[in-house]
Amino acid sequence: MSRVYSYCTLLLLVCNANIGPANDLPEPSSVDTFIAKNCLECHQGSEPEGGLDLTQFSMGKLSSANHETWIKIHDRVESQEMPPDGELTSQQRDSFSLSVSSALIAAEQWQLADEGRAVWRRMNRYEYENSLRDLLDAPWLQLKGMLPEDGQSQRFNKLGEALDVSHVHLTRYMQAADYALRQVMVRHGEQPPVATQRFYAREQPAFNRKSRFSQFNRSAERATFPLIGYEPDLPVLLEPNQPYTVGKDNPEIRELESFGVVASTYEPLEIRFDKFKAAEPGLYKLRFKGYTFWAGPSEGEKWWRANREVTSIGRRSEPVVVYAEVPPRQLRRLGQFDFDIEPSVQELQVWLLQGETIRPDAVRLFRSRPSNWRNPLAEEDGMPGVAFSYLEVDGPIHQHWPPRGHQLLFGDLPLEEQDDGMPPHVVASNPRADARRLLSHFIERACRRPVDAVETERFMAVINHALDLGNPFSDALLAGYTAVLCSPAYLCQEETPGELDGYAIASRLSYFLWNSAPDDRLRALAEAGKLRERDVIQEQVTRMLADAKSSKFVEAFLAYWLDLRRINDTSADEFLYPDYYLDDALVDAALAETQLFFAELIRENLPTRNLIDSDFTFVNERLAMHYGLPPVSGVDLRRVPLPPDSPRGGLLTQASVLKVTANGTLTSPVVRGAWVCERILGEKPPPPPPGVPAVEPDTRGATTLRKQLELHRTDESCNVCHVRIDPPGFALENFDVLGGWQDRYRSLGETGTLAEGIGKNGQPFAFRWGAEVDASGQMVGSQTRAGGRFQNIRDFKQILARHDRQLARNLLQQLLVYATAAPMRFSDRAETEELLDIVSRDDYGVKSIIHAVATSHMFLNK
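Reading the values: rules and limits
Residues numbered from 1 in each chain as written. Predicted model: local features only at pLDDT ≥ 70, side-chain atom pairs only at ≥ 80, totals over all residues. Heavy atoms only, no water. Helix = DSSP H or I, 4+ residues; strand = E, 2+ residues; numbered from the N terminus. Buried < 20%, exposed > 50% of the residue type's maximum accessible area, 1.4 Å probe, protein only. Pairing = 2+ DSSP bridges. Axes fitted to C-alpha atoms, helices over the stretch in contact; angles between N-to-C directions. Phe/Tyr/Trp six-rings, centres within 6.5 Å; stacked < 30°, edge-to-face > 60°. Lys NZ or Arg CZ within 6 Å of the ring centre and 35° of its normal. Salt bridge = Lys/Arg side-chain N within 4 Å of Asp/Glu carboxyl O. Core = buried A, V, L, I, M, F, W, Y, C linked by side-chain atoms within 4.5 Å.

> I'd like a rundown of unusual backbone geometry, residues and numbers included.
For the bond from P327 to P328, the omega torsion is 0°, close enough to zero to count as cis. Its location among the elements puts P328 in the loop between β8 (318–326) and β9 (330–339). With a phi angle near 50°, E270 is a residue other than glycine that sits in the positive phi range. The topology assignment puts E270 in the loop between β5 (257–261) and β6 (282–298). Classification of E270 by relative accessible area gives buried; the value is 8%.

> Tell me about the sheet that holds β8, and name the residues and values.
Strand order in this open sheet of three strands is β9-β8-β11, and the pairing throughout is antiparallel. Where the open sheet ends on each side, the last strands, each with one partner, are β9 and β11 (357–362). Adjacent strand axes in the sheet meet at a mean angle of 25°, parallel and antiparallel pairs treated alike. Here β8 pairs with β11 via six bridges, running antiparallel. Residue pairing across strands places V321 opposite D361, the latter belonging to β11.

> Give me the packing of aromatic side chains: which residues, what numbers.
Under the counting rule described, the total for this entry stands at 33 aromatic pairs. Their ring planes at 25° and their centres at 4.1 Å tell us that F442 and Y481 sit as a pair that is stacked. Remark: Y481 occurs in helix α12 (residues 473–485) and F442 occurs in helix α10 (residues 431–446); sequence separation between them is 39 residues. Just as F442 is buried, Y481 falls in that class too. Cluster of aromatic residues (ring-pair linked, three or more members): F156, F512, F553, F557, W561, F598, Y818 and F859. The ring centre of Y580 lies 5.8 Å from the NZ or CZ of R746, which sits over that ring.

> Tell me about the pattern of salt bridges, residues and numbers included.
Scanning the entire structure with this criterion turns up 51 salt bridges. For E325, the salt bridge is made with R272, and the minimal N-O distance between the two is 2.8 Å. Taken together, the positions of E325 in strand β8 and R272 in the loop between β5 and β6 put the pair 53 residues apart, joining distant regions of the chain. R272 carries the same exposure label as E325, and that label is buried. Here the salt bridges do not stand alone but share partners, grouping R155, D563, R565, R566, E678 and R679 into one network.

> Any details on the nonpolar core? Residues and values, ideally.
Burial of nonpolar side chains together is a common tendency in soluble globular proteins. The biggest cluster of nonpolar side chains holds 105 residues, and the ones touching the most others in it are L509, F512, F553, F557, W561 and F598. Top contributing element to this core by residue count: helix α26 (residues 804–820), with nine residues. Judged by nonpolar contacts, the second largest core, of 50 residues, contains L132, M185, V426 and L477.

Written as structure tokens, this is what we have:
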């Protein structure tokens, strides 16, 4: 632990929480004397070093406006970066650090006592959706798309500074609440039996339409075509008048019918089971029957065969991803499975919205775009394909009747069937008394703390007004419920400065680890006054991390910490990266890898240094091939050991991270380097100087970005930042825009070797192999508390992995910001180091860090 943190610990103990405002602090003249003697030579005048004129600063004028600047001054001196001549003694630096830190901590302590660490905030749209799903027991609800985008502060969508509330927000919250409430109302007077329907592929218009395919240059062939049976001697005639369902009157033949595809479900193919549409939202079971085949022409080029024999590629299993679709092309991923050589039935249990249909996609197959394509998987004797026989649907499946959401809204009030086929009416014998009883119960369930009678009557006034206007009882009740779901009592995290009560802690825990509202167990502990007990909190953290809902924490935290929410913001360039273009299966697997990897670090309490380098990762067949790992089979991701010579392991070499730090065209060491410094090392680079143009990669391959940066760094003001930013980015240069290994850059210029191959879009490669990649660099000492020269990514990871306390500190701080919805302050540093001392006993395990966050003073106090 550094000297300054020891001083901070002492000062935290002696600081008076009632100290006056910062600008009333006595002026520490020793600080000003130090500045004048050691700093003003460079930091004054019309062009001060780094744009910092220290003649404008005095500790006697410390304020919120210059607070951050004084923190930077303190840190530069304490780390021995400034003054740069190295003439200061340790005693001089310690004296300066103590004086500045004393004033900074005192100022923050006064502010914290008055305002608290966190700003009063509303839910973000992810939290609102999850909370209503849990409240109404309706996992299918899609609400976040109905709400405005949330602002960000400290890189997260959790802080009140960025979560403003406007009339637009309130209008959208009201619309979303009303929609959600009406979605859970019953549509039948009695529980309907579970319906089972079968939809044969050959009866679906989307399968039958003529999608022409010219792989063998024969005009009669299609990308989809009918198949009969599973044996190689059963050819399929493709004459225009051939009936699609030859076994319509013969059940035995009908069961052998299927429709084959040799291209992925994409424009213009877009196969779907379009005769099925979900009648109402809810739980469904989907069963798909199908198999894989090898398609080849024969008999005068008018026939196709579904061949079971092994060829040079051979028949194999094929991954299938299933989407829900609201035409046209509003897709929602539901799940995945593999079809094998032998026919099989694969089942998915999914939540569907009303009106959604089902689109299956054989994702390994190519995507025919644009015209005159070739199939990259085809050989002289044929190509792989997938045959779909039928979709069988059970549902909607009502696990409770009436559904729990309806029971929450209307209790046990009877239903009255309507003659016009409309949903049944809710019958209330005493509407106002029934409404008050139901409203009271709803508020108790919806709000995360006890609500008094005065607040209840405020919402009851809405219901009474609606009844007075002659609205039906159910509509009047929904008006009151909507008002509750848009009120501060529901919408906002209500916390007061100082120690949080049990209900506030329950909310913090649940929105931290579940991204949703507290469950009954947390509420009961809050009511019993036990949620400030350390052991109880530890037990709840363990329970909550073991719950499936913790996946919401992993997804939301990584979405903002690592920017994974932007994974689909860019697409691989169709000319430079045709092998990745339109490869959604690769992108989906990349995202899942990082989420599963981080969840494994939590589950096994693995050391934080695994974020930099690990001996395992999670892959499926597509991702293993992408990484050059030993082959695995199938679409499901699984944990695999990494070979000793693999460059993979840790976050930095995962395709998801490498994709969100690239633009889809070429990589940029500046972007990736800044990302590593901020997200992994916890050292945010300053913004570029105004008026300095960005350095853009040259797609023609005339010059490498490294050479461009060397010229850029001849400007001393640019070099100050780039000397720190660029090296981590250079270390990642062997990884292309989607994380594939590259020894040479790709270019669209006229020099270099033309690449050979066919892209997933069916077009021949048009790029050339250019200059060799140079992934070497020199780390600046202050970045890792010890510099280091590296030649490649393996050297670089070894340098970073040695500094496990710094890595753990950054992760701890990122989690604290996420969990407390408050920025890290200078006065938090002492407790941060004390928490790191505690988790160091568990080798800085990731789960231990999460436990430390949840039991910290910062988490349990506003």
